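Architecture and fold: a report
Residues per chain are reported as follows:
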Amino acid sequence: MVRPMTCPICGKAVLPATDLATSTVPFCSERCKQIDFSRWNDGRYVIVENLDPARLAEQLGKQDPDLSADDE
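Cut-offs used in this document
- Residues numbered from 1 in each chain as written.
- Predicted model: local features only at pLDDT ≥ 70, side-chain atom pairs only at ≥ 80, totals over all residues.
- Heavy atoms only, no water.
- Helix = DSSP H or I, 4+ residues; strand = E, 2+ residues; numbered from the N terminus.
- Buried < 20%, exposed > 50% of the residue type's maximum accessible area, 1.4 Å probe, protein only.
- Areas by Shrake-Rupley, 256 points an atom, 1.4 Å probe, with all protein chains shown as cover.
- Phe/Tyr/Trp six-rings, centres within 6.5 Å; stacked < 30°, edge-to-face > 60°.
- Salt bridge = Lys/Arg side-chain N within 4 Å of Asp/Glu carboxyl O.
- Patch = residues over 30% accessible without salt bridge, like charges linked within 9 Å, V, L, I, M, F, W, Y side chains within 5 Å.

1. Some points on the overall build of the protein
When its secondary structure is counted, the protein shows three helices and zero strands. Traced from its N-terminal end to its C-terminal end, the protein shows the element sequence α-α-α. Per-residue burial for the protein yields a buried fraction of 10% across its 72 residues. A total of about 6600 Å² of accessible surface is found on the protein, and carbon and sulfur atoms cover 55% of it.

So this is what it looks like as structure tokens:
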């Protein structure tokens, strides 16, 4: 059974997006979307991940050469 998607801010059901240009998915409203953005902007959300040297080297190797040229 498929469970309906719920808004991560208020828990209300989120309707499927019919127009991606005006969609607020995964939020139920523009208000909840702005609340989430504000929390990220204030630093209340963080992504914590251990820094693995091998993975870092791999990611640095995949960088766009044009971006790394600015470092020289």
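2. Focus on the packing of aromatic side chains
Applying the stated criterion across every chain, the model contains one aromatic pair. Arranged with centres 5.1 Å apart and planes meeting at 70 degrees, the rings of W40 and Y45 form a pair that is edge-to-face. Overall, W40 belongs to the partly exposed group, its relative accessible area being 41%.

3. Some thoughts on unusual backbone geometry
Residues other than glycine predominantly adopt negative phi, and peptide bonds predominantly adopt the trans conformation. The peptide bond linking V25 to P26 adopts the cis configuration, its omega dihedral lying at 15 degrees. You can see P26 is positioned in the segment before α1 (30-42).

4. Points about the pattern of salt bridges
Per the counting criterion, the structure on display carries one salt bridge. A salt bridge links D42 to R44; the nearest nitrogen and oxygen atoms lie 3.3 Å apart. Side by side, D42 and R44 carry an identical accessibility label, which is exposed.

5. Some thoughts on a nonpolar patch on the surface
Side chains of L51, L56 and L60 sit close together on the surface and give an oily, nonpolar patch of about 310 Å² of accessible area. Within the secondary structure layout, L60 lies in helix α2 (residues 53-61).

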